[in-house]
Amino acid sequence: NRRILLNARPHGAPKPTDFRLEETEVPTPGKGEVLLRTLYLSLDPYMRGRMSEGPSYAPPVELNAVMVGGTVSRVEQSRHPDYSEGDLVLGYSGWQDYAVSDGTGLVRLDSGMERPSLALGVLGMPGFTAYMGLLDIGRPQPGETVAVAASTGAVGSVVGQIAKLKGCRVVGIAGGAEKCSVAVEELGFDACIDHRADDLNEQLAAVCPDGIDVYFENVGGRVFDAVLPLLNAKARVPLCGLIAHYNDTELPPGPDRLPLLTKTLLTKRIKMQGFIIFDDYAPRYPEFAAEMTEWVKAGKVRVREDMVQGLENAPEAFIGLLEGRNNGKLVIRVADP
Ligand code: NDP
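Residues numbered from 1 in each chain as written. Predicted model: local features only at pLDDT ≥ 70, side-chain atom pairs only at ≥ 80, totals over all residues.

Going by what an unreviewed UniProt entry lists, the chain is known as NADP-dependent oxidoreductase and is assigned to Pontiella agarivorans.

Novice: Got a minute to help me understand the domain arrangement of the chain in this structure?
Specialist: It is common to give the size of an interface as the accessible area lost on bringing the parts into contact. For the chain, the domain assignment lists domain 1 (2–121 + 303–333) and domain 2 (125–278). The centre of domain 1, based on its C-alpha atoms, is set 29 Å off from the matching centre of domain 2. Residues of the side of domain 1 that touches domain 2, tallied by class, amount to 4 nonpolar, 9 polar and 3 charged. (Domains from an automatic or database assignment. Nonpolar A, V, L, I, M, F, W, Y, C, P; charged D, E, K, R; others polar.)

Novice: Hey, could you run me through the site of the ligand in this one?
Specialist: As a structural note, the neighbourhood of the ligand is formed by 31 residues, with Gly153, Val155, Gly175, Gly241 and Gly324 the closest of them. Among the residues forming the shell around the ligand, the class breakdown is 17 nonpolar, 11 polar and 3 charged. Each of domain 1 (2–121 + 303–333) and domain 2 (125–278) accounts for three or more of the residues forming the shell around the ligand. (Near = placed C-beta within 6 Å.)

Novice: What is the right way to look at unusual backbone geometry in this model?
Specialist: Where the residue is not glycine, phi is negative for most of them; where a peptide bond is considered, it is trans in most cases. Unlike most non-glycine residues, Asn64 shows phi in positive territory, near 65°. With respect to the helices and strands, the residue Asn64 is situated in the loop between α1 (46–50) and β4 (71–78). The class for Asn64 is exposed, based on 11 C-beta atoms found within 10 Å. Look at Arg269: it is not a glycine, yet its phi comes out positive at around 50°. (Helix = DSSP H or I, 4+ residues; strand = E, 2+ residues; numbered from the N terminus. Buried ≥ 20, exposed ≤ 12 C-beta atoms within 10 Å, placed from the backbone.)

Novice: What am I meant to see in the pairing of strand β3 (residues 34–42) here?
Specialist: Successive residues of a regular strand alternate their side chains across the two faces of the sheet. The buried count for β3 comes to 8 of 9 residues, which makes it a mostly enclosed element. One ladder, built from 7 bridges, connects β3 with β4; its direction is antiparallel. Residue pairing for β4: Val34 is matched across the bridge by Ser78. Bridge count between β3 and strand β6 (residues 98–101): 4 bridges; the pairing is antiparallel. (Pairing = 2+ DSSP bridges.)

Novice: Just to check I follow, could you spell out the UniProt feature "domain: Enoyl reductase (ER)" (unreviewed entry) in the chain for this structure?
Specialist: Mapped onto this numbering, the UniProt entry gives "domain: Enoyl reductase (ER)" (unreviewed entry) at residues 12–332. Secondary structure across residues 12–332 divides into 28% helix and 23% strand, with the first and last C-alpha atoms of the span separated by 24 Å. (UniProt positions renumbered as here; feature names shortened; annotations may be inferred.)

Novice: Can you walk me through the environment of Leu260 in this structure?
Specialist: Secondary-structure assignment places Leu260 in helix α7 (residues 258–267). Leu260 sits in the partly exposed class, given 13 other C-beta atoms within 10 Å. The spatial distance from the C-alpha of Leu260 to the C-alpha of Val207 is 23 Å, given a sequence separation of 53 residues.

Novice: Sorry if this is basic, but what is going on with the environment of Thr38 here?
Specialist: Looking at where Thr38 falls in the secondary structure, it is placed in strand β3. Classification of Thr38 by C-beta neighbours within 10 Å gives buried; the count is 26. Remark: the alpha-carbon pair of Thr38 and Ile137, spanning 99 residues in sequence, is separated by 34 Å. Here Thr38 is in contact with Thr71, Ser73, Ser93, Gln96, Asp97, Tyr98, Val334 and Ala335, once residues within four sequence places are set aside. (Contact = placed C-beta atoms within 7 Å.)

Novice: Please explain the sheet that holds strand β13 (residues 271–274) as it appears in this structure.
Specialist: Strands belonging to one sheet form pairs held by backbone hydrogen bonds; the direction of such a pair is parallel or antiparallel. Spatial strand order, β10-β9-β8-β11-β12-β13: 6 strands in an open sheet with parallel pairing. This sheet does not close on itself; its edge strands, each paired only once, are β10 (191–194) and β13. Across the sheet, the axes of successive neighbouring strands diverge by a mean angle of 15°, strand direction being ignored. Along the sheet face, helix α3 (residues 156–165) touches β8 (145–149), β9 (169–174) and β11 (212–216) and points at about 170° away from the line of β8. Sheet strands in contact with helix α5 (residues 200–207) are β9 and β10, and its direction is about 175° off that of β10. (Axes fitted to C-alpha atoms, helices over the stretch in contact; angles between N-to-C directions.)

Written as structure tokens, this is what we have:
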């Protein structure tokens, strides 16, 4: 049983030595428990927060404890009345080959599911985040302009595609020409701008001639600086993530832009609202799952998945996620399904 532990708390960007791989015996399930074999491990930006101490919406991973993470697993042994060997479950086993569970928090997946890994992406937490953040907070109306950053990633790719389904003009912001072409050619966005361009502000303004009505915030940093002057009166800003800042060790240098932000919010009567998906929206999961499953089946929402082989590659893949090296929802294939 291989497991990846938090070896040290990163200062700034995580390094390979902040993780440690160890081998242990495969655990034995007790009465009322199941032994789970991890098939797929989800890697997500929130894990960076769990590696650090300090106040957040969830407690940190302890040093020398297994890194947390959502998983799709197969029941290998069952001493639990509700589960049988071979069942597929969505759970929270973390970065390891095997885990024992008493069933708490497990969600059974359809064992005939063609691509069970999608339960970690478009049909799971990131898809749910895109759906609720955009539809409940962003409230896009036909003809409006919706902008989304990290626009080819797990959340952003779904946000943009839902906005298209709602009749909006969709502008993506992504890292590099290749991702921008994916956003336009594969995902059907109307335009996409490379956030590394020197003239980001000018390019973004050029593709938003009518301003921005909904900005789905995944990133922060210079992307938000470019978006802020383009926000229209009564714009909505679902504040989902700030990945450009997750490795920050102090406030960024430069002038204090808080007065500019608050003045813009006030004079344009903009609504900016943060949300934490399951804390805020758990009861609406079934509604999301039903509609998104239909959209994916009908090809109305296209899936972007970046599958990396082998648990041992999880640290490097996670480091890459914080640098934009992933192409779509990042998933580790831990064992053959
Ligand atoms: P992605 O699949 O989008 O992967 C992360 C992407 O972020 C990278 O590919 C990269 O895209 C971009 N990125 C990374 N570093 C930077 C940087 N310094 N500056 C600009 N862009 C950067 O991840 P997710 O879709 O899973 O997550 C997107 C956001 O949503 C994150 O901020 C995450 O924390 C948040 N989130 C929030 C939830 C909530 O409940 N509030 C739930 C789930 C996610 P690119 O190369 O295009 O720049």
